[in-house]
Amino acid sequence: MRVSGLLYLLALIFGLVTTWVFIRSYINFNMKTILLGEWSSYSVPSPASHLVKTKCGLSKSCPDNFFAFQISSGAANVVGPSMCFEGQTIMSPVKNNVGRGLNIALVNGTTGKVMTQKYFDMYSGDANLLVKFLKEIPEGTLVLVASYDDPGTKMNDEIRKLFSNLGSTYAKQLGFRDSWVFLGARDLSSKSPFEEFLKNNPDTNKYDGWPELLELEGCVPQKLHIAGSMAEQKGWPGSERWPCYPLAGHEQVTSPL
């Protein structure tokens, strides 16, 4: 009787332990299922979702009443130049509308609409074609310029003066195989801050026979028409300064109108 009672007690204890283990395993499984469901439904924000896409890939967005632009010169005589304005690529090797010499795009300074784009062979081309083109630029027009290969062989005093009148500082010294990027305007009252220049120098050239390519980005003020205002008489109203947002490694430059 005592043996059977002991066996009964052991069986009861075994049953209770088995039941407890089963219940605990079931609860743990349900907890894991709930946690897994909560975790799988949680979406981790992608870093890219927080990135603000800027026009022309600028390092910062332009303020209101400013146009975004980016200009790259050609690399030696291998890779052609490129230009972007307000998020639109207007000249590039991919578009097959660039060439040796000076690549120039004209943009309406009020609307931001691209008016035309052309390239002029400054090694063996006719310099008179460029003179005629520059003289016919309408008032209120933004002028974007990028060199490729050789921008200087056919340069003459008249062309240098015409570019200087558009706000260029370095046109007067542009020569054989120099690198140059520039944004100016027909009726600026002072020099443009949007300009980069590298002289062809065998001691400092990055490529064999050419300096390295140049890149320039920035926000250029829109030309606003305010009838009867003093600003309208200044040439580029709506802003007293041209703020320049250069690429890394270059100092910020501003120039009064």
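The residue numbering used here restarts from 1 in each chain and proceeds along that chain's sequence as written. Only residues with pLDDT of at least 70 are given local features in this predicted model, and only at 80 or more are side-chain atom pairs given and counted; all residues enter the totals for whole chains, interfaces and linings. As a convention, hydrogens and water are excluded, and side-chain values are obtained from all of the structure's heavy atoms.

## So, the state of the cysteines
Cysteine pairs can be linked by a disulfide, which is a covalent bond between their two sulfur atoms. Criterion for a disulfide: a pair of cysteine sulfur atoms at a distance within 2.5 Å. This model, assessed by the stated rule, comprises two disulfides. Each disulfide pairs two cysteine sulfurs, and for Cys-56 the partner residue is Cys-84, the sulfurs being separated by 2.1 Å. Around the S-S axis, the bridge from Cys-56 to Cys-84 shows a dihedral of about -85° and counts as left-handed. Of this pair, Cys-56 sits in the loop between α1 (2–41) and β1 (66–72) while Cys-84 is found in strand β2 (residues 82–85), placing the two residues 28 residues apart along the sequence. Numbering of helices and strands runs from the N terminus; a helix is a DSSP stretch of H or I covering at least four residues, while a strand is a stretch of E covering at least two.

## Some details on the sheet that holds strand β5 (residues 114–120)
Here, any two strands with at least 2 DSSP bridges between them count as paired. Sheet architecture is open: five strands sit in the order β5-β4-β6-β7-β8, paired in antiparallel fashion. Both edges of this open sheet fall to β5 and β8 (195–198), since each of them pairs with a single strand only. Between one strand axis and the next, the sheet turns by 15° as a mean value, whatever way the strands run. Sheet topology note: the strand β4 (residues 101–108)/strand β6 (residues 141–148) ladder contains eight bridges and is antiparallel. Bridge pairing links Ile-104 to Val-145 in β6. Any two residues whose heavy atoms approach within 4.5 Å are treated as being in contact. Interaxial angle, 0 to 180 degrees, is taken between N-to-C directions of lines fitted to C-alpha atoms, where a helix line uses only the stretch in contact. Contacts from helix α3 (residues 157–165) reach β4, β6 and β7 (179–185), with the element oriented near 55° to β7.

## Digging into the packing of aromatic side chains
Centre distance within 6.5 Å is the pairing criterion for rings of Phe, Tyr and Trp, where only the six-membered ring of Trp is used; planes under 30 degrees apart are then read as stacked, over 60 as edge-to-face, and the remainder as tilted. Tallied over the full model, the rule gives six aromatic pairs. Taking 5.2 Å as the distance between ring centres and 10° as the angle between the ring planes, the aromatic pair formed by Tyr-170 and Phe-197 counts as stacked. Here Tyr-170, found in the loop between α3 and β7, pairs with Phe-197, found in strand β8; they are 27 residues apart in sequence, far enough to count as distant. Whether a residue is buried, partly exposed or exposed follows from its accessible area with a 1.4 Å probe, protein chains only, as a fraction of its type maximum: under 20%, in between, or over 50%, in that order. With a relative accessible area of 29%, Tyr-170 lands in the partly exposed category. Grouping aromatic residues by their ring pairs yields a cluster made of Phe-163, Trp-180 and Phe-182. One residue, Arg-177, lies across the ring of Trp-210, its end atom 3.9 Å from the ring centre. For a lysine, the NZ atom is tested; for an arginine, the CZ atom; a charge sits over a ring if that atom is within 6 Å of the ring centre and within 35 degrees of the ring normal.

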